[in-house]
Amino acid sequence: RGWVQRPREIRMKGLNEDGESVEVHFKGLAARIAQHELDHLDGILFPERVESAKLLVPNGLFERKEQWQRDWPTPGSYRTRAGDLSLQK
């Protein structure tokens, strides 16, 4: 697991099963998931999107954020929801 910075809101355009043009608007978690899944279709895995190896968090440690140092892996991360990126200082 890790932190990947992504837009909070996106619009995706494509074709439906009948070949008709469609546009969908996503916000919040739905936007993150859509971008993550589109990465899979493009052959990109999330570690390739992580800006720094220090933003990769071992699975066992991810569920115990209360034990993290207050500035690891980024300032404010210990109080940030899973999947979000905090650069708060």
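Residues numbered from 1 in each chain as written. Predicted model: local features only at pLDDT ≥ 70, side-chain atom pairs only at ≥ 80, totals over all residues. Heavy atoms only, no water.

*Asks:* I would appreciate a short explanation of the pattern of salt bridges in the present structure.
*Replies:* A side chain of one charge can pair with a side chain of the opposite charge if their charged atoms are brought near each other. This structure, assessed with the given rule, holds 3 salt bridges. In this structure, the salt-bridge partner of Asp 39 is Arg 6, at a minimum N-O distance of 3.0 Å. One end of the pair, Asp 39, is in helix α1 (residues 28-41); the other, Arg 6, is in the segment before β1 (9-15), with 33 residues separating them in the sequence. What makes Asp 39 buried here is its relative accessible area of 5%. (Salt bridge = Lys/Arg side-chain N within 4 Å of Asp/Glu carboxyl O. Helix = DSSP H or I, 4+ residues; strand = E, 2+ residues; numbered from the N terminus. Buried < 20%, exposed > 50% of the residue type's maximum accessible area, 1.4 Å probe, protein only.)

*Asks:* Would you explain the pairing of β1 in this entry?
*Replies:* Each regular strand shows side chains that alternate between the opposite faces of the sheet. Pairing of β1 with strand β2 (residues 21-27) involves 7 bridges; the strand directions are antiparallel. What sits directly across from Gly 14, in β2, is Val 22. Counted along the chain from β1 to the antiparallel partner β2, the turn is 5 residues long, and its residue Gly 19 has a positive phi close to 80 degrees. (Pairing = 2+ DSSP bridges.)

*Asks:* Can you help me understand the environment of Lys 54 in this one?
*Replies:* Examined against the element boundaries, Lys 54 turns out to sit in the loop between α1 and α2 (59-62). Classification of Lys 54 as partly exposed rests on a relative accessible area of 46%. For the pair formed by Lys 54 and Trp 72, sequence separation is 18 residues and the distance between their alpha carbons is 8.2 Å.

*Asks:* In this structure, what is going on with α1? I would like to understand it.
*Replies:* An α-helical turn contains 3.6 residues, so any two residues separated by three or four positions project in the same direction. Over its 14 residues, α1 runs 21 Å from end to end, which matches the ideal 20 Å to within 8%, given 1.5 Å per residue. Among the residues of α1, Ala 31, Arg 32, Ala 34, Gln 35 and Asp 39 are the ones counted as buried. Taken end-on, α1 shows its buried residues confined to a sector of 165 degrees, consistent with a single buried face. Set apart from the buried face of α1 by more than 90 degrees, the exposed residues are Leu 29 and Leu 41. Residues of α1 that are buried sit in contact with β1 and β2. (Expected span 1.5 Å × (residues − 1). Arc of directions from axis to C-beta. Contact = heavy atoms within 4.5 Å.)

*Asks:* Teacher, can you tell me more about the environment of Gln 35 here?
*Replies:* Here Gln 35 lies in helix α1. When the C-alpha positions of Gln 35 and Pro 7 are compared, they lie 8.9 Å apart, and in sequence the two are 28 residues distant. In this structure Gln 35 touches Arg 6, Pro 7 and Ile 10, once residues within four positions along its chain are discounted. Within polar-contact distance, the side chain of Gln 35 engages the backbone oxygen of Pro 7 at 3.1 Å. (Polar contact = N/O pair within 3.5 Å; in protein donor to acceptor, adjacent residues only side chain to side chain.)

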